[in-house]
Structures are given as C-alpha cells and as structure tokens.
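# Chains, contacts and geometry: an overview
Chain by chain, the residues:
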Amino acid sequence: MLCGIICAYICSIALDGIQKNTMDQDSYLKLQDDIEKEAVSDLTEIASLDDLESWRVDLLGRNGKLTGLLRGISELPVDSRREAGGKANSLKKALTEKYQDHKSYLEGNSSIGSESGTNSLDVTLPGRNIEFGTLHPTTAAVREICQVFESMGFQIIEGPEVELDTYNFQKLNIPEEHPARDMWNSLWIDRVLPDGSRPLLLRTHTSPMQIRTMESQNPPVRVVVPGKTYRYEATDATHEWQFCQIEGLAVDKDITFADLKGTLEEFARRIFGDKRKARFRCDFFPFVEPGAEVSIDCFKCEGDGCRVCGNSGWIEIMGAGMVHPKVLEGVGYDPEIYSGFAWGMGAERIAMLKHGIDDIRQFYSNDVRFLKQFSQ
Amino acid sequence: MKIPISWLREYVEIEDEISELAHSLTMAGLEVGSVEHIGDHWDPDSLVVAEVIELIQHPDADRLRLPTLDLGDGEKATVVCGAPNLDIGQKIIFAKEGANLFNPRSGKNEILKGAKIRGVESRGMVCSALELGMGEDDGGILVLDPSTPIGVSAKELLSDSIIETELTPNRPDCLSILGTAYEVAALTGKKVNEPESSYDCGEFHIADKVKVTVQDARNCPRYTGSFIENVTIEPSPMWLQDSLTKSGQRPINNVVDITNYVMLEYGQPLHAFDFDKLDGKEVIVRQASNDEALETLDSQQRTLKPPMLVIADTSRSIGLAGIMGGTNTEIDETTTNIFLEAANFDAANTRSTRTALGLNTEASYRFERAIRHELAPLALKRATYLIKEICGGIPAEGIIDTFTSLSDPASIEITEKRFEKILGISVPMKSVWEILENLGFEKVEPDVDIVINVIPPIWRSDISIQDDVIEEYARIYGYDNLPTSSLASSIPPQIAQTGQIVREHLRDKLVSAGMNETISYSTTDLETINLFKTLPVSSDAIEIANPMDSSRSFLRPALLPNLLETLARNRRIEQQNGLKLFEIGRVFHPLQTDTADSMPLEKEEIAGAITGPNSSANLWENSERLMDFYDAKGIVEHMFLGLSGNLSFVETEREIYEKGKVADIYLGKSLIGQVGELGQGLREFYDFTSNPVIVFHLDLEEIKIATSIQSADYSEPSRYPSSFRDLALIASNDVNAESIVKTIVKNKLVSDSFPIDKYEGEEVPGGKHSITVRVIFQSDEKTLSAKEIDRSHNQIVKSLEHQYGITERYS
C-alpha cells in the first residue's frame, strides 16, 4: 500500500511540471539520442554509488536532462507528440533499468559476481533469529509412537495415574503377595481401608487400562495408552522413578501371536528404519501367555555389537504377549472366542535410542540446554 | 543364579560353545545376564599341581617359610611362601615364572617374575584362590584334594565357566542346577542324568527317633524329614566347597554345605537341626504366638507374631519356617545326631513374613515363588545320601512325610485347534509332543494324537492351563521361527477424543510461541502446598505412604510450583538468556467419596512462566527488552487461535500475583485461569530477584468443556484498498484500551482498529494516559474518498469524546 502512495505522489509531480514551448520533432529525437549515448558511456565509467547517484540525478532527477526532455514534449507539434513521447518514455525506462542494474552490481549483489568490496555481505554472519520453542523429547516420542499405531487403526486413550490395586495388579493376574509384584515396586497412597489394605497406588504401568478398556467395551479392541507411570526405584542412568509408558492392546476373534509379531515388527521398522529386524524371545509378564520381549537389531552397528547395544547386536525395546485367558475371563470376554495381544514400552527409552541420550535422568532435570536440542 | 558349567555337566551333556548355550537359554526365556570364565588366561605349562614335600623356616623372616615342591617327572622347586595354612603333604597349584596371575596388590593380572625375598631366591609361587581368579578369600593358599595327581595343569583341573541367569518370578525351577539342566536338555535334545540318592540305612526306624506334627497344613502342605546319627562335623571336601564358592555360597561345614548344595541342585531348601539340642524329640510346625522370640542364624533377635510359621520343639521355636533356622539348634563341631528337614511352605505366607521381618534368604526366595511339594522328598533323600557319604553316620530307616493326598497329578488337555488359534499356525501334535517330552512332560494316555492330556514335569510350578503349554512349545521351537502376519481383523469404530485434540493444539501453539516444554515429577511437599495455598485445606493433599524422599511426599495439587522450581533451577544455570517454559500435566485433588474404590480427582493443567530478555543477545536486535505481562498475554492469545470461543482478560487480584498486574482469563463465560506477574514474596522465595517473572496457569478441564477446534469461516477480502489514520488520544486512566477500540470499530467504515503506542510522559495531564490507536478504513463497495474518511474520523472522535471524554492529543 505504501508503495502505491509513493507512485501516485511522483505522478502528480510530473503532471504539475508540464511546460508549454515549441520544438521540431527531428531535433527532439536527436537530443534524445545524444542524451542516451552520453548517459550509457558515462555509466560504464562509474565505480561508486555516489557517482551513480549523481548520474541518476543528472538524468532522471527533478531537473535532470531526461526529465526536461519529457517536459519538452508539449513543445512538439501535436501529431508527433505521441511517437516522441513514447520513445522518451521507453528511454526513461531503459535508463532506470540500467541504473538499477549498475546499482546492484556496485552493491556486490550482481549475479555476475563481484570483487569483494566494502559493500559486499558477510554471508557467514548469522541470519536474523527466528525464535522457536521445543516439545519435551518424551512428548515428541509419544507422538511419534502413537502416530504409527494410529495409522494401524489403534485409538489413543488415557487413564488415571493413581490406580486401584485391583486394576494395577489383581485383574492383571497379579494377586497379593505374588512374587511378580517385585517386578513393579510401588509407591502407595497413604490410605488404609478398614481391613488394613492399601487400595491406591501410583500406577506402575499403563496396563490397568487394558482392563478398564475391555470392561467398558466389547471386542474388537485396538487401543494405545500413553501415560506417566511410577516405580519405587532408585534413579540411575537407566532408571527413573517416574517415566512414560505406552501400552497397546488388540483383541478380536482371530488375533494370533503371528499378528503380535507382524504388528510390532512393523512398528519397529517405522520408528527405527526399514532395514530393522525384530527379534522375539520368551519372557514373563503375569497378564500375558505366551509372553515375549521384543528387540531390534542395533541400528548403530547393524548388529555387529557396539556401546549402544551392549555388544550384543540387539536392543530391547518392549515387553509383549498374548492376553492371558484369565485376564480375558476377568473382564467377561470368552477366551475360547476372543484372543489378543498387548505390549508396553518406555517412551524415554525409545527417545534415548533415537537421540543417543545415555542418561534417563536428563528427561526430568528439564535443563533448557537439554530441552532446546530437540527442535521439531 | 550362578551356574558353574562344570556342575551343570554332571547332569547333562553340553556340546555347544558356552556363548551359544547362553544365547539359546536367553531366547527360550531363561535370560543369561553374564558369562564368567575361570582360567581362560591360564598357561597349561606354568600353572601345575604340585605336592609340598619339605617345609623349612626362612632364615631371615619369621613369617616366611621355604617349601620344596614336587612338580612331577622328578622336577622340584623351592620357593618363599608367606601363607600360614601351608603344610607338608598338601597338593597345591604351583605357578612357575612367567605365569599369568592376579596380583591382589595392583588389582591386575600380571606376569610372575622371579625375585630375591629377604636374601632367598624364589622362582615361582604357591597360589591362593584369589590369585587364580577363583574366589575372594585370601586367607591362604588353595589346598587341593589329596587325591589330585601331581603335574596336572591347573587349566585342565580347575578352569570353568559360570553363567549367571536372571530369573523371571514364574520359574523357581530354574533356581537350581537340575532345573537348568532340564532346560538345556530340552533345547539340545539331550537327556538328564538324575543324581544318586539311594542309601543304606541303619537298623532303626525314624518313627522311633522323632515325631513331626504339622499344626498348620495350609501354610505347610508337606513336611519331610530324615534322621542321621553319628555324623562327624568337619570342613567339606574340596569339590563341594568349590561348587558352593562358584555359585556364590560360603562353605561352613560339611552338613550345612550339603543342605546348601542340595538346595542349589534341586531348588528345594533344606535345614539341618542338631537333634540333641531339641526338647522333647518332637518337631512341631505351627504359627508363632504373639511376640514369640527367636534368635535366627544371623544372630538377630526376631519378634514374631501370627500367622508367621515356625518350626518348634515341645518348648520353643527352633526355626523360622522356610526362611532361616534358629541358633538354638544350630549345627556345630560337637553335633553328632541330625534331624534333616525338607518341607514345602506356603508362598504368600513366606513372602509376607520375610517382608515383615526384612529377611530375604535363598530359602524364602524359592518358597515365595511356589516350588513344587514333590521336590521335598527327592531333595531330602539326596541330602541324606550325601551326608552319609561325606560326614559318615547312619541314616534311620524311612523318612517322615506328612503329605497324604493320593489324587492323580493334574493333567492339561491340549488341542491342535487351540495351538492354531494362539500361534496362527497349524502345528502337528506329534511335533508338539517331541518338544514337550524333552521338557519332561508326561502323557496321560499314550498313543493319542489329536487330543493329548499332558502332565507337566514335577519341578514346574508355572504350567496350569493349555496356553502355558503352548508357550512351552513356542519358546523351545523358537519365537523367531513362528510365522508373522499383519492384523487383519476389523478396525473398531473410533471415538473422537476432543479433549486430547484441544490439549495437543494448545501444546503446539505454546511451542510455536517459542516456549520450551518441561515435564516435572508429579509430586511436591507440604511446604509448597501451604506456600501456594493451592488447596483450601492442606490436609486434603494426597500423601504418599512410602515417598522417594520427603520433598516428594505429596501428589501435586497444582502445576505452577513445579514449573517455578524448574524455572529457578534453569535461572541458576543460564543467567544471560530469557527463559520461556511451560508444562502440561495432571494435578491431584482429594477423593470425593470414601468407598473402597474411591479415587482422587485428576485434572489436567497448563502452566507457563517467562522471565528475562525477550530474545537472546544477537547481532540483529540492538535493544534487549525484558519480557513483561504483555508477552505472556500474547502467548495466551496465540494459544487459542484456531479454537472456538472468545478470549477475554479481566483485571483481578489473586494470591500469588503482584497486585494490579494480574488478569483472570475467560474463554466465553468460563473462567479458565490467570496470567500475571509473580508476586514479590514468591519471587524472593525462588530467588528471582533481578527480573520480573510472568506466569500463567490454565485449567485444561474447563478449556476442554468451553472450546473445540474451529475451522475458520471464510470471508471474502474487500476488493477495494484500505487507508488508515492513527489517532493519538488522551483518556482518563479508568478508560482502558479495549473500551476505546470497541467504540471505534462500531463506525461502519472501520474494518479494524488496534492500539499501536502507549505514552505516559510529562505532556499527559495527571490521571490520564495517552494511547495511539490505528484505525483501518475500508469498504466492500468502493474505494473510500478522503472526504468520507475525514467524516468517519470526525464521527469517531466525537463519539469517543461523548462516551469517555477522550480528546485527540494533537487537535
């Protein structure tokens, strides 16, 4: 808009300056020619922006030669004004272009290239800051992981962080005083029921949502549950007492261990690259049978053995298994008809692998020098 | 569990490399955490068995002696030795010059060199277990079994590998060498050789010697015992000590070592009582009485209570059942008659007792994992056999066994159909049976192919349903050998999670506004709760019974304190740059009801905090500006772009904020939070003394109700140019910018208007402020003429004057 205003202003000045004299067409055109030749030859000599500016004022300025020439059109006979005026205008345009080109050239901005002079840019100086924020790497990992499963038809749901013992353990086939409870050291809420038991704890895994989901809907089920989980555990480079887990569950009539393998292998490839192979070994979780631990071949050393994979060539990424018939029965699904698989993985662990972070404590130290490394 | 390969080989043939074996075991579910090799760096020529044939005192040192050693083939050597346990006739390991040994002084493996020690030349040395890398005890030299032949290399005699297995809680059977041997056998198609356990007994019956009464059969389903008289207590033979040492157990005496050895062998804990120390020749298994005292073998006084289970005689408790024996009946060097126990104790009761007493032992570890009662008599007979062989003595005829059930062992029906349903592959029952047989399963009816009833091996307590059997097949067959497919079942209908969508929109907006996301611990302490008064009554806060530490003993009722803590920590690290942090997370409010299944109220909140310069120092920005209220407000406004509902800010007063510098934020009619400058008190508390800190906190639950993603409604842009005028206005202080703009935009030629400058200088009269507002004029119908704009301008000035007494600054 500003540009438009300036243009209008210049035009009005030009109109105001019309003078009324007379002159013949030939001498007018000759004058035009002379101005052009002189101007062009002068321009080649000009080596500074100051000289260029004088050249411009001399020709195109308010009292410049060409400006005068244009004013002189009115002195011509009426029938030749049109042709002369057209030529004068195209000369003005041509010289203005030459001026611009030469200016760019002198400013070192020419596409032809220039000797580095005082006016050239230091292209190594930083560009102007674009301020950016960052997602926490855990959030970023959760999103990336969930997107993969979403594309496979899983729905993202969330659940309570303070859970009932019933859901965190009992309905997952982990009765009271079961030694498997040692796998999940718990932080208990200070609430005691009349029978002396503590009903509430900070959930030690996202698996209770398997139960809550199945209790609230009929099969087929495909859900992914990201969320914070808590363990009563000393922290070190690979253990945090608070971390984010991502649970998954698929239940239907014909879901098999082969589907578990296929789905989780596909996940591993989408997160860690097409070449990745997944490996499944027998493992134990009370709420699945058969149970498995899923590893991928090391993306760092391609399976040769390195620091990342602890020289084994394989990296554990999650636990999984076929939903235990007792768990299905408990939520009212007939295990003779329905079967399914479930898995759980740590979001921070996936993020650590992807970014090469070797200490999980970084995630909750929230040092901005750490956080700012994970721009989107 | 530490498994010495030499011990494992006694029961099963191992042809594979140890690393391959470890891999197979791991893949099948018995994870091998590490493999340790003993003697793999030993040179067979420089470390050999020798006999001490002469022993004289060092002429110049009281503590040193000069043994002469027979190295075999007529070769002899005399060296200097400081070990107090060296004696003539002993078989020892002799290290020649050049041997590679562990030097306890430097903590490294070194090559042995000859040296003069107090004037006596010593070319070689007599080795301790530590120097050989076989044990930790450096009490003296390693004394070998007297029958060891002279001249044999140490490598041939002593080298070994030890695998350390990491057990899942369902496999107590693998807390034993035999259980591991069955696992190896199943994986490699070998057979297991059961250890010898039949013995000749004396001409007296156990029933005449001792009586056993189980008063609590639920907590002690089976109790077996044997009686051995006239044993000799002494140190165990070398091989026994060696096996225990390699498995991480300390040898004590022959009888105790045998109970430990058989526990490791079978996975069945045993306990030997000094029978002569028992009162009344009767063993009673009963619950402890209230405050019953017992000194356990670790010399600790224990105070017991029901339903803890004890082993007792007629007058007192003599052991904590399934956990640890008592000192009152401990085996010592004077013991001659032994009552040996191998029993089965209830898993849950054992676990709750050991938890209550804080006494976790090898025995309790096994019992709480529910080992099979069938192991008790097997282990008892094996240990009785070994005691007779090693400690002398005569076992009584018969054993005590309280188990009376005669029912058949539970069988499991398996079908091809179920295998296919779970594994996704049709498996011939014949191949299933091959694997199950190797694992030790038995068939109820032989020669039936389609449906088989199988009985799990007696050492396995983790197989009770068909799917458990399917896992057995799958893990031995190899999970990686099973097929892979992609999910073909129908995709369930998806329910729009609008709350999640709004939250993630807000999170993205915060990031695009230059904010860094943080995630803090979900806990806080009482001091912080009181400081922020985030709960009406601080006793409503939800306390953790066993917190990680006192600063994390409550669930946070608000997000902001944690964010400020994070901000303060970063402020200490990074002084020069501005900080813009936010967190989105749950807060926890008290239970609304008081029933057994009541849960706390969990709500999501958003908190943000900014402080310091608006941008980090750089070449292009020549003026640094401290961030203020309007930066924070701008971020909040930015967050809600793309969401439905109108955002408005109303001046307010709130506890933690600086007076006059805080606004309530409304989304439509819902109060969703506050934005403002942190009050002086909290700034000092967190040591933010230099720059203002501006914070906002938003109730995400309210937001989720009040708004949703809004798709923009298109309106056609005007085809005609707009023009603008800037109005410099002087208004009294009680007229705010929003009122002025609202009045201006009422004019029909005005398409937009917004403040562009705020001035509070000397030229502005007291009680007034000056604000410059840009007014954009535009019409959808034509290009506006200067006259029309002038007319509008005048109308605006008049209505501002009329409504608020506002004047133009330059009129």
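Here the structure is a predicted model, which means the values were calculated and not measured.

## Details of the interface of chain B and chain A
Across the boundary between the two partners, chain B contributes 77 residues, which contact 74 residues of chain A. At the level of secondary structure, the elements contributing two or more residues to the side of chain B that touches chain A comprise helix H2 (18-27), helix H7 (347-357), helix H10 (416-423), helix H12 (466-477), helix H13 (498-512), strand S29 (516-517), helix H15 (560-573) and strand S32 (579-589) of chain B. Counting residues per element, the side of chain B that touches chain A draws most heavily on H12(B), which supplies six residues. Looking at the side of chain B that touches chain A residue by residue, the class counts come to 36 nonpolar, 25 polar and 16 charged.

## A few points about the packing of helix H6 (residues 137-150) of chain A against helix H9 (residues 257-272) of chain A
All names here are of chain A. Contact geometry of H6 with H9 gives a least axis separation of 10 Å together with a crossing angle of 135°. Relative to H9, the element H6 lies oblique. Between H6 and H9 the crossing geometry is right-handed. For the pair H6 and H9, contact is made by Glu144, Ile145, Val148 and Phe149 and by Phe267, Arg270 and Ile271, respectively. Within the contact of H6 with H9, the residues separate by chemical class into five nonpolar, no polar and two charged.

## Looking at the sheet that holds strand S41 (residues 807-808) of chain B
All names here are of chain B. Reading across from one edge, S39-S40-S38-S41 is the order of the four strands in this open sheet, with antiparallel pairing throughout. Strand pairing shows two members of the sheet lacking a second neighbour, strand S39 (750-759) and S41, which therefore form its edges. Running over the sheet, helix H19 (residues 737-745) touches strand S38 (723-732), S39 and strand S40 (768-777) and is turned about 150° from S39. In this fold helix H20 (residues 786-804) packs onto S38, S39, S40 and S41, with an angle of close to 15° to the strand it touches most, S38.

## So, the domain arrangement of chain B
A common measure of how large an interface is: the accessible area buried when the components associate. Residues and elements named next belong to chain B. Taken domain by domain, chain B holds domain 1 (2-39 + 162-188), domain 2 (47-158), domain 3 (206-401), domain 4 (412-480), domain 5 (498-706) and domain 6 (723-808). Computed over C-alpha atoms, the centres of domain 1 and domain 3 are 27 Å apart. Listed as interface residues are 12 residues of domain 1 and, on the opposing side, 12 residues of domain 3. Only strand S1 (2-4) and helix H4 (177-188) provide two or more residues apiece to the side of domain 1 that touches domain 3. Counting residues per element, the side of domain 1 that touches domain 3 draws most heavily on H4, at three residues. Partitioning the side of domain 1 that touches domain 3 into residue classes produces eight nonpolar, two polar and two charged.

## Things to note about the nonpolar core
All names here are of chain B. With 167 residues, the main nonpolar core has Val310, Ile338 and Ala379 as its most contacted residues. The greatest single-element share of this core, amounting to 10 residues, is contributed by helix H9 (residues 375-391). The contact partners of Val310, leaving out residues within four places of it in the chain, are Arg286, Ala288, Leu294, Leu304, Ser317, Gly319, Leu320 and Ala321.

## Description of the pairing of strand S21 (residues 317-320) of chain B
The side chains of a regular strand alternate between both faces of the sheet. Residue and element names in this part refer to chain B. Relative to S21, strand S20 (residues 309-312) is paired through three bridges, and the arrangement is antiparallel. Of the residues in S21, the one forming a bridge with Val310 is Leu320. Two strands pair when backbone bridges link them, and S21 and strand S22 (residues 324-325) are joined in this way by two bridges, in the antiparallel orientation. Residue pairing in the sheet places Gly319 in a bridge with Gly325 of S22.

## Structural notes on the confidence of the model for chain A
Residue and element names in this part refer to chain A. Overall, the predicted model of chain A reaches an average pLDDT of 85, with 90% of residues at or above 70. Across residues 1-21, confidence stays below pLDDT 50; counting only partners more than four residues off in sequence or on other chains, it has eight contacts. Segment residues 110-116: pLDDT under 50, and five contacts once partners within four positions in sequence are set aside and those in other chains are kept.

## Digging into helix H3 (residues 49-60) of chain A
All names here are of chain A. Taking 1.5 Å as the rise per residue, H3 with 12 residues should run 16 Å; its terminal C-alpha atoms sit 16 Å apart, in good agreement. Residues of H3 that are buried: Trp55, Arg56 and Leu59. Mapping the buried residues of H3 onto a view down its axis gives an arc of 100°, with all of them on the same face. Lining the buried residues of H3 we find helix H2 (25-45), helix H4 (65-71) and helix H5 (78-106).

## Remarks on the environment of Glu316(A)
All names here are of chain A. As for its placement among the helices and strands, Glu316 is situated in strand S8 (residues 314-323). Residue Glu316 is classed as partly exposed on the basis of its C-beta count, with 18 C-beta atoms lying within 10 Å. Taking the C-alpha atoms as reference, Glu316 lies 4.1 Å from Ser295; in sequence the two are 21 residues apart.

## Description of the sheet that holds strand S37 (residues 693-699) of chain B
All names here are of chain B. Taken together, the seven strands give an open sheet; going across it, the order is S29-S32-S33-S37-S36-S35-S34, and neighbouring strands pair in mixed fashion. Two strands lie at the open edges of the sheet, namely S29 and strand S34 (647-651), each paired on one side alone. Bridging between strand S36 (residues 670-678) and S37 involves five bridges; their strand directions are antiparallel. From the neighbouring strand, Gly676 faces S37, where its bridge partner is Val695.

What counts, and at which threshold
Residues numbered from 1 in each chain as written. Chains lettered and ligands numbered in written order. Predicted model: local features only at pLDDT ≥ 70, side-chain atom pairs only at ≥ 80, totals over all residues. Contact = placed C-beta atoms within 7 Å. Helix = DSSP H or I, 4+ residues; strand = E, 2+ residues; numbered from the N terminus. Nonpolar A, V, L, I, M, F, W, Y, C, P; charged D, E, K, R; others polar. Axes fitted to C-alpha atoms, helices over the stretch in contact; angles between N-to-C directions. Parallel < 35°, antiparallel > 145°, perpendicular 65-115°, else oblique. Left-handed = near helix turned anticlockwise from the far one by under 90°. Pairing = 2+ DSSP bridges. Domains from an automatic or database assignment. Core = buried A, V, L, I, M, F, W, Y, C linked by C-beta atoms within 7 Å. Buried ≥ 20, exposed ≤ 12 C-beta atoms within 10 Å, placed from the backbone. pLDDT = per-residue confidence, 0-100. Expected span 1.5 Å × (residues − 1). Arc of directions from axis to C-beta.

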